[in-house]
Amino acid sequence: MEELDEAARFHGHLCPMFALGFRMGKKALEELDRGRENGVKLVAVVEFRNCLADGIQQVCGTTYGKNNLHYNDTGKFAASFYDLVSGKSIRIRIKNRVLEDTLDFGIAGQNVKKLPPESRGEKARGHFKKGKEIVEKFREMSDDDLFTITAAEPFNADSESSLDFMICDDCGELVLSYAVKENGEKKLCKTCFKRAK
């Protein structure tokens, strides 16, 4: 799957969760019977913020900038895909047994990052080697081995896509209205609201 290796340049490295996101995105396009999105007619909603989202973004063409890649933190390794033209939608979840090695790899990576920079070299190389071994295992697995596909919950664009704005009463900076917090009679940005507590 040279396509995956090429796509990994976008992410910066080839790791298990990026590979799973890439495969998930390809499966979504296949199931929805459509190609990569160049505009905004395909929406993806990821349920956990990590490398998975980059894989989906790369293959599906959904991005945070176009407001058709959304994050709904459920803490689950899944994403829903909505074709706004056909009305078709699906949710794809990574199977539990697939996640075990992947999460062990992720935890090991977090531990490597905690090491002082001068002692990371050998551990980091070993870590990336292990990640490539897991990706190779995924290459041999079918989509049915990796994923469970179900119906997606209805998609509702959240209010965060609105460009309505206000001026923060404390710092004077322009802030989108959905992010304004009230503190007594003052309307504050999230930063000033935290400081006021």
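Attention in this report is confined to the structure presented alongside it. (Residues numbered from 1 in each chain as written. Predicted model: local features only at pLDDT ≥ 70, side-chain atom pairs only at ≥ 80, totals over all residues. Heavy atoms only, no water.)

**Description of the overall build of the chain**
Turning to step 1, where the next piece is worked out: The secondary structure content of the chain amounts to 7 helices and 9 strands.
Turning to step 2, where the next piece is worked out: Judged by the C-alpha coordinates and their principal axes, the chain covers about 60 × 50 × 25 Å.
Turning to step 3, where the next piece is worked out: When each of the 197 residues of the chain is scored for burial, the buried share is 38%.
Turning to step 4, where the next piece is worked out: Partitioning the intrachain contacts of the chain with sequence separation of at least 6 by distance along the chain shows that 61% fall at a separation of at least 24.
Turning to step 5, where the next piece is worked out: Total accessible area computed for the chain in this model is approximately 11700 Å², and 49% of it derives from carbon and sulfur atoms.
Turning to step 6, where the next piece is worked out: For the chain, the distance from the average site of its 32 positive side-chain charges to the average site of its 32 negative ones is 3 Å. (Helix = DSSP H or I, 4+ residues; strand = E, 2+ residues; numbered from the N terminus. Buried < 20%, exposed > 50% of the residue type's maximum accessible area, 1.4 Å probe, protein only. Contact = heavy atoms within 4.5 Å. Areas by Shrake-Rupley, 256 points an atom, 1.4 Å probe, with all protein chains shown as cover. Lys, Arg positive; Asp, Glu negative; His and termini not counted. Charge placed at Lys NZ, Arg CZ, Asp CG, Glu CD.)

**Structural notes on a positive patch on the surface**
Turning to step 1, where the next piece is worked out: On the surface, a cluster of positive charge is made up of K181, K190, K194 and K197.
Turning to step 2, where the next piece is worked out: Assignment of secondary structure puts K194 in helix α7 (residues 190-196). (Patch = residues over 30% accessible without salt bridge, like charges linked within 9 Å, V, L, I, M, F, W, Y side chains within 5 Å. Salt bridge = Lys/Arg side-chain N within 4 Å of Asp/Glu carboxyl O.)

**Here we look at the layout of surface pockets**
Empty space among the atoms becomes apparent when a probe as large as a water molecule is rolled across them.
Turning to step 1, where the next piece is worked out: Computed from the structure, the largest pocket encloses a volume of approximately 510 Å³.
Turning to step 2, where the next piece is worked out: Lining the largest pocket are 20 residues; nearest its centre among them are C51, F105, G106, G109 and K113.
Turning to step 3, where the next piece is worked out: Residue contributions to the lining of the largest pocket peak at 9 residues, all from helix α4 (residues 96-114).
Turning to step 4, where the next piece is worked out: Computed from the structure, the second largest pocket encloses a volume of approximately 280 Å³.
Turning to step 5, where the next piece is worked out: Contributions of two or more residues to the lining of the second largest pocket are made by β2 (69-71) and β3 (78-83). (1 Å grid on protein atoms, 1.4 Å probe; cavity = no way out; pocket = protein on both sides within 12 Å on 5 of 7 lines; lining within 4 Å. Points joined across faces, edges and corners; volume = space filled by probe spheres on them.)

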